[in-house]
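Descriptive analysis of the structure
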Amino acid sequence: VYRVGDEGPLEVAAAVKEYLAALRAELPEGVHLGLWQDSSEIYRQRINLLLRNAALGLTLVLLILGLFLELRLAFWVTMGIPISFLGSFLLIPAMDVSLNMISLFAFIISLGIVVDDAIVVGENIFEHRQRGMPFVPAAIMGARQIAVPVTFAILTNVVAFGPLFFVPGVMGKLFRVIPSVVVAVFLVSLLEALFILPAHLAHQRPPATKGIGAFIHRRQQRFSRLLIRFIDTGYRPLLRLSLRNRYVTICVAAAVLAVTVGYIAGGRIPFSFMPKVDSDIVVAAAELPFGTPVERTLLVQDRLLETARRVLQRHGGDDITRGILARAGSPPQGGMGPFAPGAGLTGGHLTNVQVFMVPSDERPVSAPEFARQWRELAGDIPEVESLVFTSTAGPTAGSSIDIELSHSEPSLLEEAALRLAGMLRSFKGVRDIDKGFAKGKPQLDFTVRPEARSLGLTAAEVGRQVRASFHGVEALRQQRGREELKVMVRLPERDRKSEYQVEELVLRTPRGGEILLPAAVDFKRGRAYTEIRRANGRRVLNVTADIEEESANAGVVLTDLQGEGLPELMRTYPGLSYSLEGERKEQMESLGSLGAGFLMAQIVIFALLAIPFRSYIQPLIIMAAIPFGVVGALIGHVVMGYGLSVISLMGIIALSGVVVNDSLILVHSANLSHRGGLTPFESIAGAGVRRFRPIILTSLTTFFGLAPMIFETSLQARFLIPMAISLGFGILFTTFIVLLIVPSLFLITEDVRRLFGFNEMGADEGGEGPVEPLETQPRG
């Protein structure tokens, strides 16, 4: 017996394998032990995948920082990553979060974002040093000057991830780990950027003049001069051109936004609740009618085995499989397939075949494609009531299509379920359709005749005597040592072999008389229900099906059914009602929660931004980057060939807090310049040029920190990649919005102020009084 303490799944699996190795040496000849369904292998693959992507992302972030920043500054900015990650371990245990696949993905998400505040602080300190200030005063001044916007930028990040805490259902339990980790990392990074980083930069030595350090410093300075030249000759003229034509700039941006919204509304980007993850196990589970001889079940099993081997031979044979497990009489191992674990469904009418395959990156065919070919070869098998092929793993909320029908009359309910299953078969790409009920075991129904009632026989008494005759009745119990022996009395075996002997059974009446069973009751053949489900006191049946994502979409199928098929069904069967269950129900609950959370997060972000700016207008300018971040996320899905999912939407919601960081810093810098005496035009134009480096740098570090995950080809990461795409491409696209659209909006608000006679930036900025008239041309 192996006692599990604080060990993880890898340690437990290793201990089990070690025990099996020792046990095999003690087994007699001809007895073998095999290991089936080792989930630790999938766990190891996914953990290694995430660790590899984290290492690549960290390397790319280091290279980007080394290009844009002086070597020592880049080093201390980079140190914010391990400091923030290690510091978060002080907070994570209080949130009941462990190290697992989802929490490691959360660290990857924060990998590039966490250095944003350190970049802004460090770059500001570096600028003061370039102006000739000593190290310590430059560190103090640079950190104090940027402390307020950096603090509120981190707070908006925290608020944006907040809605993920309140997602209901299976998804909420799974993905609440992400905001727990990210929020902890962000809070620690804020302390690191405002206190630890300035302390390091205050005691920094001048750059090396010889050796490898000097060589790298010269190359970095060359890149820095090229960047400055690009800013002066490329970005500055473009920015001034867009500011002079600010209304045209905004119209172009609005057109891009409108085209994107139309593209989504037209259904060009498919939506599925959860991305499907390739499994290393493909299962075919068949259910025949109750009472089917086990010999018939084994014939179905042989057909599934034969067709599975034929598909294997197409793609490499034994090279892509670790073995095949065929079982009759019980559900698939681990509850895979149409039968949930613990459902208690057993019997000779059940069979399943499980094909255990090598990891997805070691075989030429994916598990869904293998299942599709297997399904085609198996074809329609006579008498099989349900045949379901399972080829995906990962989080799931049930069947892609699950429609619960309800009616007070069982026969009409079954007719409606059969008709609905036929409707589903008419849709291309809909497979593994289950009508929701089985015939059940054959049985004889007895109805007591009036003549028997007159003799004192009741239905309960008839049932008791029939059961006692064929099943037996307990006569006594005897104790034998530690065991208790139960003695049952029933008819001899020769008298309970056939149905005819039931009809010849003699019943005793309460008055001591006897009567043949056929004379006492009327016989009627029927079937016992294997399962009776009720909702609100009414009988219900669930008609389920799965979707081939390459050729169909569950949302489209359900929309079509709700438009025509289901209303027709309700007209045909008065009293029939339906509800959408399974994945669709989980989807509606999750999307409703995310929508409400997103709206609340935007309100809180607006309130947070209104505090430091003392304005109700400038927070709207800053938040204008949010819808364009959504545009970038959608473009990323199209470019990468991914459909939208609820994971994508989680990334978009989190993106809404991250994209405002750059525009917040930009507008804050413009306000400082304006208070220094510059016109609004020169203020925002100068702020764009001044903040170009940190804005580009924060966007690139975020994108390249997520890039290994975005471009990951492993099928094991498919259900996490959409969130990385939303964050990475959304932030990358928003960079151009912040550098061009936000400055134009800044000046348009000044136009509106002047039109209505308000002081430029003075009416809600604390009453600083009038400023110079707005310029539309550069000074000098």
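Quantities reported herein were computed from a predicted structural model and do not represent experimental measurements.

Turning next to the overall build of the protein chain. Secondary structure summary: the protein chain contains 27 helices and 15 strands in total. Against the globule reference of 28 Å for 780 residues, the protein chain gives a C-alpha radius of gyration of 35 Å, more extended than a compact globule. Overall, the C-alpha framework of the protein chain stretches about 120 × 70 × 50 Å when taken along its three principal axes. The proportion of buried residues among the 780 residues of the protein chain is 49%. Sequence separation of at least 24 residues holds for 79% of the intrachain contacts in the protein chain that already meet a minimum separation of 6. Total accessible area on the protein chain stands at roughly 36,800 Å², and carbon and sulfur atoms take up 59% of it.

A word on the packing of helix H11 (residues 246-265) against helix H22 (residues 625-640). Helix packing for two helices is described by the angle between their axes and how far apart those axes are. At a minimum axis distance of 10 Å, the contact between H11 and H22 shows a crossing angle of 50°. Judged by the angle between their axes, H11 and H22 are oblique. Seen along the crossing, H11 lies across H22 with a hand that is left-handed. For the pair formed by H11 and H22, the contact residues are Ala 253, Val 256, Leu 257, Thr 260, Tyr 263 and Ile 264 on the first element and Pro 627, Phe 628, Val 631, Leu 634 and Val 638 on the second. Tallied by class, residues from the contact of H11 with H22 come to 10 nonpolar, 1 polar and no charged.

The description of two aromatic rings rests on the distance between their centres and on the angle between their planes. This structure, assessed with the given rule, holds 12 aromatic pairs. Measuring from centroid to centroid gives 5.9 Å for Phe 230 and Phe 692, while their planes differ by 50°, and the two rings are tilted. Of the two residues, Phe 230 is situated in helix H10 (residues 212-244) and Phe 692 in helix H26 (residues 692-710); the sequence distance between them amounts to 462 residues. We classify Phe 230 as partly exposed; its relative accessible area is 46%. Ring centres 5.5 Å apart and planes at 85° place the aromatic pair Phe 703 and Phe 704 in the edge-to-face group. Relative accessible area serves as the criterion here: at 8%, Phe 703 is assigned to the buried category. The rings of Phe 85, Phe 89 and Phe 107 are connected pair by pair, giving a single aromatic cluster.

Moving on to the nonpolar core. With 126 residues, the main nonpolar core has Ile 109, Phe 161 and Ile 178 as its most contacted residues. Counting residues per element, this core draws most heavily on helix H9 (residues 177-202), at 14 residues. The residues contacting Ile 178, other than those within four sequence positions of it, are Ile 102, Phe 105, Ala 106, Ile 109, Phe 161, Leu 164 and Met 723. Counting 27 residues, the second-largest nonpolar core is a separate cluster that includes Leu 405, Ala 416, Ala 417 and Leu 558.

Further remarks concern the environment of Thr 297. Within the secondary structure, Thr 297 is located in helix H12 (residues 294-314). Since its relative accessible area comes to 0%, Thr 297 is described here as buried. When the C-alpha positions of Thr 297 and Tyr 247 are compared, they lie 73 Å apart, and in sequence the two are 50 residues distant. For Thr 297, the side chain forms a polar contact with the main-chain oxygen of Gly 348, separated by 2.4 Å.

Our focus in this paragraph is unusual backbone geometry. Backbone geometry at Asp 96 places phi at a positive 60°, although glycine is not the residue there. Considering the arrangement of structural elements, one finds Asp 96 in the loop between helix H4 (80-88) and helix H5 (101-113). Of note in the backbone geometry, Asp 432 takes a positive phi value of approximately 50° without being a glycine. Examined against the element boundaries, Asp 432 turns out to sit in strand E6 (residues 430-434). On the accessibility criterion, Asp 432 (12% relative accessible area) is buried.

Per-residue pLDDT for the protein chain has a mean of 82; in total, 92% of the residues score no lower than 70. In the model of the protein chain, helix H8 (residues 169-175) stands out as the element of lowest mean pLDDT, 75, in contrast to H12, which has the highest, 91. When the criterion is pLDDT under 50, residues 335-344 qualifies, and its contacts beyond four places in sequence or with other chains add up to 15 contacts.

A few words on a nonpolar patch on the surface. A cluster of nonpolar side chains, contributed by Leu 71, Ile 212, Phe 215 and Ile 216, occupies part of the molecular surface with about 340 Å² of accessible area. Take the nonpolar patch: its biggest share by element is 3 residues, from H10. Mapped onto the elements of the fold, Ile 212 is located in helix H10. Judged by its relative accessible area of 62%, Ile 212 is exposed.

Conventions and cut-offs
- Residues numbered from 1 in each chain as written.
- Predicted model: local features only at pLDDT ≥ 70, side-chain atom pairs only at ≥ 80, totals over all residues.
- Heavy atoms only, no water.
- Helix = DSSP H or I, 4+ residues; strand = E, 2+ residues; numbered from the N terminus.
- Rg over C-alpha atoms; globule rule 2.2 N^0.38 Å.
- Buried < 20%, exposed > 50% of the residue type's maximum accessible area, 1.4 Å probe, protein only.
- Contact = heavy atoms within 4.5 Å.
- Areas by Shrake-Rupley, 256 points an atom, 1.4 Å probe, with all protein chains shown as cover.
- Axes fitted to C-alpha atoms, helices over the stretch in contact; angles between N-to-C directions.
- Parallel < 35°, antiparallel > 145°, perpendicular 65-115°, else oblique.
- Left-handed = near helix turned anticlockwise from the far one by under 90°.
- Nonpolar A, V, L, I, M, F, W, Y, C, P; charged D, E, K, R; others polar.
- Phe/Tyr/Trp six-rings, centres within 6.5 Å; stacked < 30°, edge-to-face > 60°.
- Core = buried A, V, L, I, M, F, W, Y, C linked by side-chain atoms within 4.5 Å.
- Polar contact = N/O pair within 3.5 Å; in protein donor to acceptor, adjacent residues only side chain to side chain.
- pLDDT = per-residue confidence, 0-100.
- Patch = residues over 30% accessible without salt bridge, like charges linked within 9 Å, V, L, I, M, F, W, Y side chains within 5 Å.
- Salt bridge = Lys/Arg side-chain N within 4 Å of Asp/Glu carboxyl O.

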